[in-house]
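Residues per chain are reported as follows:
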Amino acid sequence: MTFALQTELFFHRKLLETLRQPVWLVTGLTTPLLYLALFAPLLRSLAGGPAFPPGQVLDVFVPGILVLIAFGAGMGAGWPVIWELDSGVIERLRVTPASRFALLLGTVLRDVLMFAVPGVVVIAIATVFGFHAHWGGLAVLLVLLALLAAACSATSSALGLNLKQIGSLAAVVTGVQLPLTLLSGILLPLSLGPEWLRVLAHLNPMYYTVQASRALAAGSVLTGTVGLGFLVTGAAAALALWWGTRSYQRAMALSPARVR
Amino acid sequence: MTETAAAAVQVTGLRKTFQVKGAPVAALTGIDLAVAPGEIFGLLGPNGAGKTTTLRILTTLLPADAGEALVAGADVRREPALVRRRIGYVGQLGGADVNATGRENLLLAGRLYGLSAADASRRCAELLKVFGLGDGGAGVLADRAVRTYSGGQRRRLEVALGIMHRPGVLFLDEPTTGLDPQNRANLWDEIRQLRDGGTTVFLTTHYLDEADQLSDRVAIVDHGRVIALGTPDELKRRYSADTISVTPDPGAPEAAPVLARELAGVPYVDRADVEDGAIRLTVTDTTRAMAAVFGVLAARGIPTRAASVARPSLDDVFLRETGRSLRDKGEDTATQETAEVAA
């Protein structure tokens, strides 16, 4: 009960923080829409080729975009964490009786919401432009990607709490982002690539999320691909939540010197 | 002021070592102290002496390597949750959420300590009034983002955040650093009022006057251990006495060193030293020694150019114990600060 209340309080705090920065709300929506408007047309000429059933480019592309939204919504969590570390907010909250898991979960739930809202908007708009929505599969897909957003959010928070510096966090996140997204076939299916690339992709946990996403968007729910996707993504989320909570238990500002 | 089980804070043999680039750096080498309920206790020392590390251990932020610490009747190591419920903490960094309003900050803090929404909002209104953050024409201040606050307003909010749940023991880490004299005096008054209301206040400071005038009792720390502990008056009397400085006129018939030897024999004068042409007399009774000294000078017909009396300060205590002055900081604090960084 207390835990639920604390989580709600922290979620509310983080949600207010986001709503007060409308720039991020706007870009959170426009970025995926720009991908749909400016990138998807490039794929039209590939339609009918390998990996793209004729006339169904969006059916392959939209699930990838949804994964990208979930990834982006989660990975931004670490930056504000560093500001809160530097301004003593986290230290102060750590001296209250509040649960550290609740502290982490408040941010994670906010980020899941920040994925879900643009996600639904993208699905709606894509449907207008010819995306064949299988509603049952899409519902399960949103759950899967909520797990991914949670995993990314908790990881980003943990990275921020441990690295403590904006520069280091930026270096790690951008350094990891590229191989993770390239080797998961988010934008283009990996079946277009050579065999060594496809083999390498199997080492990337997000590859399984993307594979499951495409299967779910196509309406097949009870398949091994989807099961494996949930298994890998769920395990990643559990691990990240554990790491994030542990990081909050020990979080300490970089220097005791006064910032102001 | 006795070290009984009823102490608000009881610390024995607290030790902490940080690893800095693989090498151990001792931050605390054995802190012992006891704080009585309802007093303002000051931890005075130079930067890097271990003040913040001590506070972080007592507030459950950092685990100690060894030693015992009881805070508000709970063991810091074994019952951290209980300690957190009973204490308030205002860190050096402040800790107000600058994107939220003052009121939102206070309400969240209250709810986290288990106050109901109604109780939290009542307590919030009360504190906004006490700390002058919400009244009258400035009523909007509490509903503005904290980033728009002045330094003094922000610090007052941060102290209010620390006492939202009426803790029995309040920890303040360098509470007045960065404040102008006016805000500093106001905060001192507010801290005294908290003490008068029954709150035990444990603060760290590197300001001599803050330790001397604000604290009921002081522990002076250096290199991670307590080197002196008592009321400011006790400490000053124990370690140092009043001094009388007399500067003879350059044309005086007797040279300063000769005169100093003579004055050393005057009643109530303990010793006499010569510094830059001035004779510095350490005395046991200031008024009587003054009369005697000037009697001698008058009898010899020695004109004086300047004369003054100096009372001892806590810096004299620090100087006697360490051979260094608290005023010239900087020396060998670098390694300790790196240690805290590594933590």
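Within each chain, residues carry numbers counting from 1 in the order of the written sequence. Working convention: letters from A go to chains and numbers from 1 go to ligands, in the order in which they are written. Side-chain atom pairs in this predicted model are given and counted only at pLDDT of 80 or more, local residue features only at pLDDT of at least 70, and totals for whole chains, interfaces and linings cover all residues.

Moving on: unusual backbone geometry. Residue and element names in this part refer to chain B. A positive phi angle, near 50°, is found at A72, a position not held by glycine. With respect to the helices, strands and loops of the structure, A72 is situated in the loop between β4 (66–71) and β5 (74–75). In this model, R166 sits at a positive phi of 50°, which is unusual for a non-glycine residue. By secondary structure assignment, the location of R166 is in the loop between α5 (151–162) and β7 (169–173). The partly exposed category is assigned to R166, around which 14 C-beta atoms lie within 10 Å. Elements are defined by DSSP. Helices are runs of H or I of four residues or more, strands are runs of E of two residues or more, and each kind is numbered from the N terminus. Residue burial here comes from a neighbour count, namely the number of other C-beta atoms, placed from the backbone, that lie within 10 Å of the residue's own C-beta, with 20 or more meaning buried, 12 or fewer meaning exposed, and in between meaning partly exposed.

We now examine the sheet that holds strand β12 (residues 269–275) of chain B. Residues and elements named next belong to chain B. We call two strands paired when DSSP finds no fewer than two bridges between them. A sheet is described by the order of its strands in space; here four strands give the open sequence β12-β13-β11-β14, paired in antiparallel fashion. On the outer flanks of this sheet lie β12 and β14 (304–310), each paired with one strand and no other. Strand-to-strand, the axes of this sheet are offset by a mean angle of 20°, without reference to chain direction. The sheet contact formed by β12 and strand β13 (residues 278–283) spans six bridges and is antiparallel. Bridge pairing links A272 to L281 in β13. Strands in contact with helix α9 (residues 256–263) are β11 (243–248), β12 and β13; relative to β12, the strand with the most contacts, it is inclined by about 170°. Angular values range over 0 to 180 degrees, each being the angle between N-to-C directions of two axes fitted as lines to C-alpha atoms, with helices fitted over their stretch in contact. Any pair of residues counts as being in contact when their C-beta atoms, constructed from backbone geometry, are within 7 Å of one another.

Glancing now at the confidence of the model for chain B. Residues and elements named next belong to chain B. One number per residue, pLDDT, summarises how confident the predictor is, and it ranges from 0 to 100. The share of residues in chain B with pLDDT of 70 or more is 92%, and the mean pLDDT across the chain is 88. Here residues 1–5 is a poorly scored stretch, pLDDT under 50, and it has four contacts once near neighbours within four places are set aside; other chains count. Residue range residues 329–343 is modelled with pLDDT below 50. Its contacts to residues more than four positions away, or to other chains, number 28 contacts. Interface confidence for the predicted complex, expressed as ipTM, amounts to 0.89; the pTM equals 0.87.

With that settled, the discussion passes to the domain arrangement of chain B. Assigned domains of chain B: these are domain 1 (9–237) and domain 2 (241–311). These domain boundaries are the output of an automatic or database domain assignment. The C-alpha-based centres of domain 1 of chain B and domain 2 of chain B are spaced at 45 Å.

This part covers the packing of helix α7 (residues 135–163) of chain A against helix α11 (residues 224–250) of chain A. Residues and elements named next belong to chain A. For the pair α7 and α11, interaxial distance at closest approach is 8 Å and the crossing angle is 30°. In terms of axis orientation, α7 runs roughly parallel to α11. In the packing of α7 onto α11, the handedness of the crossing is left-handed. For the pair α7 and α11, contact is made by L144, L147, L148, A150, A151, A154, T155, S157, A158, L161 and N162 and by G229, F230, T233, G234, A236, A237, A240, L241, W243, G244, S247 and Y248, respectively. Under the grouping applied here, Gly and all other residues not named as nonpolar or charged are polar, the nonpolar ones being Ala, Val, Leu, Ile, Met, Phe, Trp, Tyr, Cys and Pro and the charged ones Asp, Glu, Lys and Arg. Looking at the contact of α7 with α11 residue by residue, the classes come out as 15 nonpolar, eight polar and no charged. Our angle categories are set so that under 35 degrees counts as roughly parallel, over 145 as roughly antiparallel, 65 to 115 as roughly perpendicular, and the remainder as oblique. Crossings are assigned a handedness: left-handed for a near helix turned anticlockwise from the far helix by less than a right angle, right-handed for a clockwise turn.

Once that is clear, we can look at the pairing of β4(B). Residue and element names in this part refer to chain B. One ladder, built from five bridges, connects strand β1 (residues 9–20) with β4; its direction is antiparallel. Bridge pairing in β4 links R15 to A66. For β4 and β5, the ladder comprises two bridges, and the chain directions are antiparallel. In the sheet register, V71 faces β5, and the bridge partner there is A74. In this structure, the hairpin formed by β4 and β5 is closed by a connection of two residues, where A72 is found at a positive phi of approximately 50°.

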